[in-house]
Amino acid sequence: MASKGGRSSESVKVIVRCRPLNSTEEANGNYRIVEMDGKSGSVTLNRPGSAAEEPKVFSFDRVYDWDSEQAVLFAESAAGIVDSVLQGFNGTIFAYGQTGTGKSHTMEGKESPEELRGVIPRAFHHIFDAITAVANPNKEFLVRASYLEIYNEDVRDLLAKNANQKLELKENQDSGVYVKDLTSYVVKSVRECDKLREFGHKNRKTGATLMNQDSSRSHAIFTVTVEQCETMSDGHASIRMGKLNMVDLAGSERQSKTGATGERLKEATRINLSLSALGNCISALVDGKSSHIPYRDSKLTRMLQDSLGGNTKTVMIANMGPADYNYDETLSTLRYANRAKNIQNKPKINEDPKDAMLREFQEEIARLRDQVARGGGGGSGGSGGPQGHRELVVERVVEKEVVVERVVGISQEEVNRIRQELVAAKEAEKQALLDENLVQREEALRAQAALLEQQERMAAEAQRMQEAEAKLRDLEAKLIGSDGKNIIDAHAAQQEELLRYQAESREREEMEAQRERALQDQQDALLAKEEKYGSLQEEAEAKGRKLKKLYAKYKAAQSEIADLQAEFQREREDMLETVRELTRQLKLKAAVIESFVPPEEQAKIECRAEWDEESEEWRIARVELAGNSMAGGRQQASRHGRRPVSVHAKIANIVNGTNSRYKGENVLSLELEMPERTTQDYEDVLAIGPIKQAIDAALDDSEELSLEGAQNLPSVYFSYDADGTGKKSGKGAAKKKKAAR
């Protein structure tokens, strides 16, 4: 894109806004630890419970305390960015801060009362008011709007019919990073913009935590693109295009304070990772030594790539809480914002007509006009204009000449018959022509009646317009002041004068703040200079004063180092906890794959998987044909069927229900089919004495049974003496005794 003029760099404008203490904090006895000075743009943060420690002081472009109004914030900090978009620059306004600090209130606010409207709805009014105020008839405008969110690192279109569909981020050398298939609507009024914002806000992901009942769980970006075409005196068309990104970031949060679990914890992890990636990009941009800016670490940083160090005018609104128990989060937000104000952007006016949709619309309109001119250019221009409608009906009469020759051999009756047939055919054709002419007359009468009705409506509308204009002139005539000037014009002039005065006042305040900062820098520089003293006493007093100031700075630097180390440790612990959680999820998925996916199928899937460098995701070819994708659309045999069954199988199952071949059984059923039982439960019976003794002895673990000799061989029955030796009893023993004799 061509740039008009040079590409001068400018810093990111950083403003800080502090909300008031809420009812919960007041009920818990929390107190305010933040002091804000709007004139100097400084924020003072006091550590709770440590009165001896020096407070930390930060300076920004503008600061707004708990009593600030939405209109003042927009007029002083956001209206300039919107004006630059109307001039052809790109602009970004984004709100950052801890969860529950008023980011959504600052960006969107509430519909009523009007004083509570946020930056986004006020930007709509500012854009269309500026377009309406343009008095140049040769300048045309085209305004488009889109609304998206980044939820769990997935980009979603909030204005689409299916808001849960994931979109892809693409990058073009000319237009930069863009979202493929993102819905963009052409808007013509503030009301249309408000409708789109309300519709998209309903689709945005929100949830309740301990710190915020309506916590935003995604980063939302509302984009307004303004294209303008100005026709010059030489006929050349100059086209400019400005894009305004209004970003409502999700808040950083800690699980110990928000109490997030389950899905909320997963969302918080993703939010913190994307905000950490944004902080890393800011640090790399400010450092100046880093040759690589990690924009690709998160989709949020890729979307804001042009807003941080690129072709955009950027305003960052850092929201923070004043309560003492949020000291660490407030300090982190202030340091974050203090680094961001050192980022240098290089904005330029976008004047390349190739990417402007307005030129495409103009070319399409010119082509259609050319087609209309070619289609209707054959007629002659008569007098009377559109009101002089004239209907011309042409009646066609067809005559046929019938030649009858007498041929020798044809009778007079035959000649008369032929003549009658020809006359009848002529009469039939004439009647058909008359019927066709009658139909054409009826259609012409209907068209004429419709035209007369339309003319009457137009006349009535013109009459109403004349009456409305007459009433308007009467009202304007009544609005004349005592000095003879129109009250409306006088009010508009007063409003312009008031805006000019406010702008001059802001410029004076900024110049005073710059002078104060320059004076402070000069005082710091004097400390390092060597001075000449008239006596040792004077030298000792001067160096004592220097020593006190330097010692205070030394203590502040030590405290800063300790705070940075503590903050680094907290971030490290949060990162480690995130790594542990991701490791647990990874192990769970690995266990599921190893237990339920066959190794050969797993190998096939791994061979088909490809890593996409642009989206940084794994992609599997033809994944739409996978089991989970096809399961939802799989046809069932009946409402209670487990799997599809053919018509033949249904009929066969009705005719012969005992045949298992035609049953729709579930082949994946894990229920066991138990065999038929062939045993009975054991019931204790009263055993005879010797048998009872033998069983008890066999089950006794305290004694060992020794079998020695033939007398100890097992037989049907055993009997034991008191000394533990066994003797045979029964018929077998009697037979052996008889044989021994």
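Note that the structure is predicted; figures quoted are calculated from it, not measured.

A. Focus on empty space enclosed by the protein. If you walk through the whole model with that rule in mind, you get 2 cavities of 30 Å³ or more. There is about 50 Å³ of room inside the second largest cavity. Residue lining of the second largest cavity: Ile150, Asn152, Glu153, Arg217, Ser218, His219, Ala250, Arg270, Ile271 and Ser274, and that is the complete set. Classifying every residue of the lining of the second largest cavity by side-chain character gives 3 nonpolar, 4 polar and 3 charged.

B. Broad picture of the pairing of strand S3 (residues 34-37). Where burial is concerned, the two faces of S3 differ: the one with Val34 and Met36 is buried and the one with Glu35 and Asp37 is not. Here S3 runs beside strand S4 (residues 42-45); their pairing, made up of 4 bridges, is antiparallel. Bridge pairing in S4 links Glu35 to Thr44. Between S3 and S4, which pair antiparallel and follow one another directly, the connecting turn spans 4 residues, one of which, Gly41, has a positive phi of 70°.

C. Summary view of the side chain of Asp248. Looking at the secondary structure, you find Asp248 in strand S17 (residues 237-248). A polar atom in the side chain of Asp248 sits 2.8 Å from the side chain of Ser104. Ignoring any residue separated from it by four or fewer positions in sequence, one finds Asp248 in contact with Lys103, Ser104, Met107, Arg204, Ser216, Ser218, His219 and Ala220.

D. Quick peek at the environment of Pro294. Mapped onto the secondary structure, Pro294 falls in the loop between helix H7 (263-287) and helix H8 (299-303). Sequence separation of Pro294 and Gln305 is 11 residues, and the distance between their C-alpha atoms is 9.7 Å. Apart from the residues lying within four places of it in its own chain, the contact partners of Pro294 are Asn280, Cys281, Ala284 and Thr301.

E. Molecular detail of unusual backbone geometry. The residue after Ser112, namely Pro113, is reached through a cis peptide bond having omega -5°. Topologically, Pro113 is positioned in the loop between helix H3 (103-107) and helix H4 (119-132). Even without being glycine, Asn152 reaches a positive phi, approximately 55°. Secondary-structure assignment places Asn152 in the loop between strand S8 (139-151) and strand S9 (154-157). The phi dihedral of Glu153 falls on the positive side, at around 65°, and the residue is not glycine. Turning to its location among the elements, Glu153 is positioned in the loop between S8 and S9.

F. Molecular detail of a nonpolar patch on the surface. A surface patch of nonpolar side chains, about 460 Å² in accessible area, is lined by Val647, Ile651, Ile654 and Val655. By secondary structure assignment, the location of Val655 is in helix H16 (residues 647-655).

G. Seen up close, the packing of aromatic side chains. All told, the structure shown has 6 aromatic pairs when counted by the stated rule. Taking 6.5 Å as the distance between ring centres and 20° as the angle between the ring planes, the aromatic pair formed by Phe58 and Phe60 counts as stacked. When sorted by exposure, Phe58 lands in the same class as Phe60, which is buried. Relative to Tyr554, the ring of Tyr551 has its centre 6.3 Å away and its plane inclined at 40°; by these criteria the two rings are tilted.

H. Spotlight on the nonpolar core. Grouped together as the largest cluster of nonpolar side chains are 43 residues, with contacts concentrated most on Val16, Val43, Phe60 and Met316. Apart from the residues within four sequence positions on either side, Val43 is in contact with Val16, Val34, Glu35, Met36, Lys56, Val57, Phe58, Phe60, Val63, Met320 and Leu334. Among the nonpolar cores identified, the runner-up in size contains 37 residues, and Ile127, Phe128, Tyr147 and Ile317 belong to it.

I. Examining the sheet that holds S3 more closely. Ordered by their spatial adjacency, 3 strands build an open sheet running S3-S4-S5, and the pairing between neighbours is antiparallel. The open sheet is flanked by S3 and strand S5 (56-59), the only strands paired with a single partner. If you compare each strand with its neighbour and ignore which way they point, the axes differ by 15° on average. Its contacts with the sheet put helix H9 (residues 327-340) on S3, S4 and S5, and the angle it makes with S5 is roughly 35°.

J. A look at the confidence of the model for the chain. Per-residue pLDDT for the chain averages 76, and the proportion of residues at 70 or more is 73%. The least confident element of the chain is helix H18 (residues 731-740), whose mean pLDDT is 46; the most confident is strand S2 (residues 13-18), at 93. In the model, residues 377-408 has pLDDT below 50 throughout and makes 17 contacts with residues more than four positions away in sequence or in other chains. Low confidence marks residues 726-741, where pLDDT is under 50. Its contacts with residues over four positions away, or in another chain, come to 15 contacts.

K. Main features of H9. In this model, H9 (14 residues) spans 20 Å end to end at C-alpha, consistent with the 20 Å of a helix rising 1.5 Å per residue. Within H9, 10 of the 14 residues are buried, leaving the element largely enclosed by the surrounding structure. Of the residues making up H9, those classed as buried are Tyr327, Glu329, Thr330, Leu331, Thr333, Leu334, Arg335, Tyr336, Ala337 and Ala340.

L. Just the pattern of salt bridges, in detail. As enumerated under the stated definition, the model contains 22 salt bridges in all. Arg144 is paired through a salt bridge with Glu227; the nearest N and O atoms lie 2.6 Å apart. Separated by 83 residues along the polypeptide, Arg144 in strand S8 and Glu227 in strand S16 (residues 219-231) bring together distant segments of the chain. The exposure classification of Arg144 matches that of Glu227, with both residues buried. The partner of Glu171 in a salt bridge is Arg302, and the shortest N-O contact between them spans 3.3 Å. Here Glu171, found in strand S11 (residues 169-172), pairs with Arg302, found in helix H8; they are 131 residues apart in sequence, far enough to count as distant. With a relative accessible area of 5%, Arg302 lands in the buried category. A single salt-bridge network, built from bridges that share partners, covers Glu168, Lys170, Asp612 and Arg619.

M. Inspection of the pairing of S4 at higher detail. Both faces of S4 are covered, namely the face carrying Ser42 and Thr44 and the face carrying Val43 and Leu45. Pairing of S4 with S5, which is carried by 4 bridges, proceeds in the antiparallel orientation. Bridging across to S5, Thr44 finds its partner in Val57.

N. View of helix H13 (residues 536-596). Taking 1.5 Å as the rise per residue, H13 with 61 residues should run 90 Å; its terminal C-alpha atoms sit 88 Å apart, in good agreement. Buried residues of H13: Ala542, Lys546, Ser559, Asp563, Glu567, Arg570 and Thr578, and no others.

O. Broad picture of the packing of helix H2 (residues 70-86) against H4. At a minimum axis separation of 10 Å, H2 and H4 run at an interaxial angle of 50°. Classified by the angle between their axes, H2 and H4 sit oblique to one another. When you trace H2 past H4, the crossing you get is right-handed. Contacts between H2 and H4 involve Gln70, Ala71, Leu73, Phe74, Ala78, Ala79, Val82, Asp83 and Leu86 from the first element and Val119, Arg122, Ala123, His126, Ile127 and Ala130 from the second. Class assignment of the residues belonging to the contact of H2 with H4 gives a composition of 11 nonpolar, 2 polar and 2 charged.

P. Broad picture of the environment of Leu116. Summarising the element assignment, Leu116 is placed in the loop between H3 and H4. Separated by 45 residues in sequence, Leu116 and Ala71 place their C-alpha atoms 8.2 Å apart. What Leu116 contacts, discounting residues up to four positions off in sequence, is Gln70, His105, Gly109, Lys110 and Arg122.

Analysis parameters
Residues numbered from 1 in each chain as written. Predicted model: local features only at pLDDT ≥ 70, side-chain atom pairs only at ≥ 80, totals over all residues. Heavy atoms only, no water. 1 Å grid on protein atoms, 1.4 Å probe; cavity = no way out; pocket = protein on both sides within 12 Å on 5 of 7 lines; lining within 4 Å. Points joined across faces, edges and corners; volume = space filled by probe spheres on them. Nonpolar A, V, L, I, M, F, W, Y, C, P; charged D, E, K, R; others polar. Buried < 20%, exposed > 50% of the residue type's maximum accessible area, 1.4 Å probe, protein only. Helix = DSSP H or I, 4+ residues; strand = E, 2+ residues; numbered from the N terminus. Pairing = 2+ DSSP bridges. Polar contact = N/O pair within 3.5 Å; in protein donor to acceptor, adjacent residues only side chain to side chain. Contact = heavy atoms within 4.5 Å. Patch = residues over 30% accessible without salt bridge, like charges linked within 9 Å, V, L, I, M, F, W, Y side chains within 5 Å. Areas by Shrake-Rupley, 256 points an atom, 1.4 Å probe, with all protein chains shown as cover. Salt bridge = Lys/Arg side-chain N within 4 Å of Asp/Glu carboxyl O. Phe/Tyr/Trp six-rings, centres within 6.5 Å; stacked < 30°, edge-to-face > 60°. Core = buried A, V, L, I, M, F, W, Y, C linked by side-chain atoms within 4.5 Å. Axes fitted to C-alpha atoms, helices over the stretch in contact; angles between N-to-C directions. pLDDT = per-residue confidence, 0-100. Expected span 1.5 Å × (residues − 1). Parallel < 35°, antiparallel > 145°, perpendicular 65-115°, else oblique. Left-handed = near helix turned anticlockwise from the far one by under 90°.

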